[in-house]
Amino acid sequence: MLLVIGYGNTLRSDDGVGKVVVERLEAKRPSADLQFLACHQLLPEHAELLSQADRVIFIDAAAGAPPGAIAVRELTAVSEDNPALIHDITPQTLLAYAQLLYGRAPEAYLITVNGYSFAYGDSLTKEMTAVLPKLLFQVVESIGDLN
């Protein structure tokens, strides 16, 4: 199974792009071998779901220049020094939880897009909305490449 997780705060403008992408893909690409999860943030409880996947693609907004730039990178499991004390769990930490608790972590990739604004707002900026088709294409291409 391929798992696609989009996460971010939809009340902080472009930070919600991961959730938007997953919700759009889920509506258009139903498949028994493809599962989607749209969430506000990654949680330790997601480790079980990761342990059942063969591959996972995380989608998130990033703060960086230039805005709108899309990056894809492979991830490995990395445990934080004080995992009980962190507010935001990274994809790498979640992979480590899956390995530790369930004995396996899937092959994993992170697709990020640099945001234009993370100010309070309940929708993507016009600029991010314009980048959305390119991001959706990148994710679909990655899904195809990884199948």
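Presented here is a report on the structure given in the accompanying data block.

Conventions and cut-offs
Residues numbered from 1 in each chain as written. Predicted model: local features only at pLDDT ≥ 70, side-chain atom pairs only at ≥ 80, totals over all residues. Heavy atoms only, no water. Salt bridge = Lys/Arg side-chain N within 4 Å of Asp/Glu carboxyl O. Helix = DSSP H or I, 4+ residues; strand = E, 2+ residues; numbered from the N terminus. Buried < 20%, exposed > 50% of the residue type's maximum accessible area, 1.4 Å probe, protein only. Pairing = 2+ DSSP bridges. Contact = heavy atoms within 4.5 Å.

**A closer look at the pattern of salt bridges**
Note on pairing: side chains with opposite charge can pair once their charged atoms come close.
Part 1 of the reasoning: Evaluated as defined, the whole model comprises 1 salt bridge.
Part 2 of the reasoning: Among the ionic pairs, E107 bridges to R55, the shortest N-O distance being 3.2 Å. Note that E107 is positioned in strand 5 (residues 107-114) and R55 in strand 3 (residues 55-62), a separation of 52 residues in sequence.
Part 3 of the reasoning: Classification of R55 by relative accessible area gives partly exposed; the value is 28%.

**Concerning the pairing of strand 3**
Part 1 of the reasoning: Taken across its 8 residues, strand 3 has 7 buried, putting it largely inside the fold.
Part 2 of the reasoning: Here 5 bridges tie strand 1 (residues 2-7) to strand 3, and the two strands are oriented parallel to one another. Considered in strand 3, the bridge of I5 is made with F58.
Part 3 of the reasoning: As defined by bridge partners, strand 3 adjoins strand 5 across 8 bridges and the pair is classed as parallel. Along strand 5, the bridge assignment pairs R55 with E107.

**Comments concerning the side chain of Q92**
Part 1 of the reasoning: Tracing the sequence through the fold places Q92 in helix 3 (residues 91-102).
Part 2 of the reasoning: Dropping the residues within four chain positions of it, Q92 is found in contact with R73, L75, T76, A77 and V78.

**Observations concerning the environment of F118**
Part 1 of the reasoning: Structurally, F118 is set in the loop between strand 5 and helix 4 (126-146).
Part 2 of the reasoning: Along the sequence, F118 and A105 sit 13 residues apart, while their C-alpha atoms lie 31 Å from each other.
Part 3 of the reasoning: Look past the residues within four positions of F118 in its chain and what remains in contact with it is R12, D14, D15, A61, A62 and A63.

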